[in-house]
Amino acid sequence: MLRKSILAAAAMLGLALPAAAETREFRLGLITPPVHVWNQEVAALSETLKERSNGRFSIVAFPSGQLGNEAAMLQQLQTGALDMAWLTSAELTFRVPDMAALHAPFLVSNIDEAAQVLRSDVAREILADLPRATGTVGVCYAMIGMRQMVLRDSIDSADQLAGKRIRITPAPAISTFFEMFGAAPAPMPLPAIYDALANGQIDGLDMDFESIINFRYYEHAPYLLETNHHMFGMVALISGPVWAQLSAEDRALITEATQLHCDRTIDRFVTEEDDKLARLREAPGIRITEDVGPDFFGDIVERWDAEWGAKTPYVQRLRDLVASF
Ligand code: BEZ
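So, here's what we can say about the structure. Because the structure is predicted, anything quoted here is derived from the model rather than measured.

## Section: the overall build of the chain
Working step 1: On a plain count of helices and strands, the chain comes out with 14 helices and 10 strands.
Working step 2: Against the compact-globule benchmark of 20 Å for 325 residues, the chain has a radius of gyration of 19 Å, which places it among compact chains.
Working step 3: Judged by the C-alpha coordinates and their principal axes, the chain covers about 60 × 40 × 30 Å.
Working step 4: Once local pairs closer than 6 in sequence are excluded, the contacts in the chain between residues at least 24 apart make up 77%.
Working step 5: For the chain, the computed accessible surface area is about 12,700 Å², with 50% contributed by carbon and sulfur atoms.

Put into structure tokens, the structure is as follows:
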């Protein structure tokens, strides 16, 4: 099914004749630092490709936004200047509005459900629009985990977000969530956050446990609300022009290897999420409020769905899917 949709995607991109078997070191960009789970799985993917291609294929990774922010990497993929990238679902919502549905507030109640959504046929359908909208092939989803709130000051209700500058991953659907409480969302790429927090340019951020640990944001924003307010996906992308040069066998090889490491990434986030929270409980100076559920945010689900459900049918389709779990 996945193979079929990828081949269909290739057809949409206007296939060039596949080149004969060749040796390639694919350039892969990502925004996360070398210590991140994604980067570890990209390194492992390179090994898998080497093994399965008898040494013909490997990957050189460009971490920490070395090639620019995610929007810049997407453009490079489109022209073929970059071969592969692991990008947030948030970035892709600019070109594929249906993907915004993955960021619906409280779509899932825990990370296991998030994994189920990302592995669903409904979510995979959204990937089919990537060739047309971005000139890339979306091989598979992985994830970052659930999103939490990290704040400089303590708050007792969502209304107290009013007037606060909250850093978000650039994406209109995430902006809407914070605007609905009167906050001022500050879209900013991951590598820029720590300094903005240290300089007092932002009052808090929307973030996952993995990055809270990696970047120690609690040093400047010690109040962590365990909200799990939205899930956060990643898409493993291959440049359309690069894809068009590959033979059917090589496409299949790369697709299967990439899928393996998307799956491992998801599995690692699912199994390590509780342990990450436990590690954060031990972090110096941190104050964690656990189990902050949707009630804290009042009628946000209805309000957000009213706005975004009018833009994409996938809001309702994904809510229906989760209701069926
Ligand atoms: C972020 O923009 O918050 C983000 C992006 C990639 C990985 C983790 C976090």
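## Notes on the state of the cysteines
Working step 1: All chains considered together, the criterion is met by 1 disulfide.
Working step 2: Cys-140 shares a disulfide with Cys-262; S-S distance 2.2 Å. Negative torsions about the S-S bond denote left-handed disulfides, and the value of about 70° found for Cys-140 with Cys-262 makes this one right-handed. Pair noted here: Cys-140 is in strand β4 (residues 136-151) and Cys-262 is in helix α12 (residues 248-281), with a separation of 122 residues, a long-range link. Of the two residues, Cys-140 and Cys-262, neither departs from the other in class, the shared state being buried.

## Focus on the side chain of Glu-273
Working step 1: You can see Glu-273 is positioned in helix α12.
Working step 2: No salt bridge is formed by the buried Glu-273. Its closest oppositely charged neighbour is Lys-276, at 5.0 Å.
Working step 3: Of the polar contacts made by the side chain of Glu-273, one reaches the backbone nitrogen of Met-146; its length is 3.3 Å.
Working step 4: Sequence-distant contacts of Glu-273, that is, excluding residues within four places in its chain, are made with Ile-111, Gly-145, Met-146, Gln-148 and Phe-209.

## Details of the side chain of Arg-147
Working step 1: Its location among the elements puts Arg-147 in strand β4.
Working step 2: Discounting chain neighbours no more than four positions away, the residues touching Arg-147 are Arg-167, Thr-169, Asp-206, Met-207, Asp-208, Thr-227, Asn-228, His-229, His-230 and Phe-232.

## Things to note about the nonpolar core
Working step 1: The biggest cluster of nonpolar side chains holds 93 residues, and the ones touching the most others in it are Trp-86, Met-99, Leu-102, Tyr-141, Met-143, Met-231 and Phe-297.
Working step 2: Take this core: its biggest share by element is 10 residues, from β4.
Working step 3: Contact partners of Tyr-141, with chain neighbours within four places excluded, come to Met-99, Leu-102, Leu-118, Ala-123, Arg-124, Ile-126, Leu-127, Met-234, Val-235, Cys-262 and Ile-266.
Working step 4: Counting residues in hydrophobic clusters, the runner-up holds 22 residues, among them Val-150, Ala-186, Ile-202 and Ala-283.

## Thoughts on the packing of aromatic side chains
Working step 1: Summed over all chains, the structure comprises 9 aromatic pairs.
Working step 2: On the numbers, 5.1 Å between centres and 80° between planes, the contact of Phe-177 with Phe-178 is edge-to-face.
Working step 3: For Phe-177, a relative accessible area of 4% gives the class buried.
Working step 4: Cluster of aromatic residues (ring-pair linked, three or more members): Phe-106, Phe-177, Phe-178, Phe-181, Phe-296 and Phe-297.
Working step 5: Over the aromatic face of Phe-57 sits the side chain of Arg-56, whose NZ or CZ is 4.6 Å from the ring centroid.
Working step 6: Against the face of Trp-308 rests Lys-311, its NZ or CZ located 4.8 Å from the ring centre.

## Description of the site of the ligand
Working step 1: Residues in close proximity to the ligand include Ile-31, Thr-32, Trp-38, Thr-88, Ile-144, Arg-147, Arg-167, Thr-169, Leu-190, Met-207, Asp-208 and Ser-211, which together make up its full environment.
Working step 2: Side-chain polar atom of Arg-147 to an oxygen atom of the ligand: 2.9 Å apart, as the coordinates give it.
Working step 3: Thr-169 places a polar side-chain atom, nitrogen or oxygen, 2.7 Å from an oxygen atom of the ligand.
Working step 4: Burial of the ligand by the surrounding chains reaches 98%, relative to a free accessible area of 260 Å².
Working step 5: Elements that contribute at least two residues to the shell around the ligand include exactly β4 and β7 (204-208).
Working step 6: Classifying every residue of the shell around the ligand gives 5 nonpolar, 4 polar and 3 charged.

## Digging into helix α14 (residues 314-323)
Working step 1: By the burial criterion, the buried members of α14 are Tyr-314, Val-315, Leu-318, Arg-319, Leu-321 and Val-322. Seen end-on, α14 carries its buried residues on one side only, within an arc spanning 160°.
Working step 2: Taken together, the buried residues of α14 touch α5 (111-118), α6 (121-127) and α13 (300-308).

## A word on the pattern of salt bridges
Working step 1: Per the counting criterion, the structure on display carries 18 salt bridges.
Working step 2: A salt bridge links Arg-303 to Asp-299; the nearest nitrogen and oxygen atoms lie 3.0 Å apart.
Working step 3: Overall, the relative accessible area of 42% leaves Asp-299 in the partly exposed class.
Working step 4: Several salt bridges converge on common partners, so that one network encompasses Glu-41, Glu-210, Arg-268, Glu-272 and Lys-276.

## Re unusual backbone geometry
When glycine is set aside, most residues are seen to have a negative phi, and most peptide bonds are trans.
Working step 1: Positive phi, normally seen in glycine, also occurs at Ser-64, with a value near 55°.
Working step 2: Here Ser-64 lies in the loop between β2 (57-62) and α3 (70-79).

## Some remarks on the packing of helix α8 (residues 172-179) against α13
Working step 1: Two numbers describe how α8 lies on α13: the axes approach to 10 Å, and their chain directions differ by 140°. One finds that α8 runs oblique with respect to α13. Viewed along their axes, α8 and α13 form a crossing whose handedness is right-handed. The residues of α13 that touch α8, namely those facing Pro-172, Ala-173, Thr-176 and Phe-177, are Ile-300, Trp-304, Glu-307 and Trp-308.

Rules of the game
Residues numbered from 1 in each chain as written. Predicted model: local features only at pLDDT ≥ 70, side-chain atom pairs only at ≥ 80, totals over all residues. Heavy atoms only, no water. Helix = DSSP H or I, 4+ residues; strand = E, 2+ residues; numbered from the N terminus. Rg over C-alpha atoms; globule rule 2.2 N^0.38 Å. Contact = heavy atoms within 4.5 Å. Areas by Shrake-Rupley, 256 points an atom, 1.4 Å probe, with all protein chains shown as cover. Disulfide = S-S within 2.5 Å. Buried < 20%, exposed > 50% of the residue type's maximum accessible area, 1.4 Å probe, protein only. Lys, Arg positive; Asp, Glu negative; His and termini not counted. Salt bridge = Lys/Arg side-chain N within 4 Å of Asp/Glu carboxyl O. Polar contact = N/O pair within 3.5 Å; in protein donor to acceptor, adjacent residues only side chain to side chain. Core = buried A, V, L, I, M, F, W, Y, C linked by side-chain atoms within 4.5 Å. Phe/Tyr/Trp six-rings, centres within 6.5 Å; stacked < 30°, edge-to-face > 60°. Lys NZ or Arg CZ within 6 Å of the ring centre and 35° of its normal. Near = heavy atom within 4 Å. Nonpolar A, V, L, I, M, F, W, Y, C, P; charged D, E, K, R; others polar. Arc of directions from axis to C-beta. Axes fitted to C-alpha atoms, helices over the stretch in contact; angles between N-to-C directions. Parallel < 35°, antiparallel > 145°, perpendicular 65-115°, else oblique. Left-handed = near helix turned anticlockwise from the far one by under 90°.

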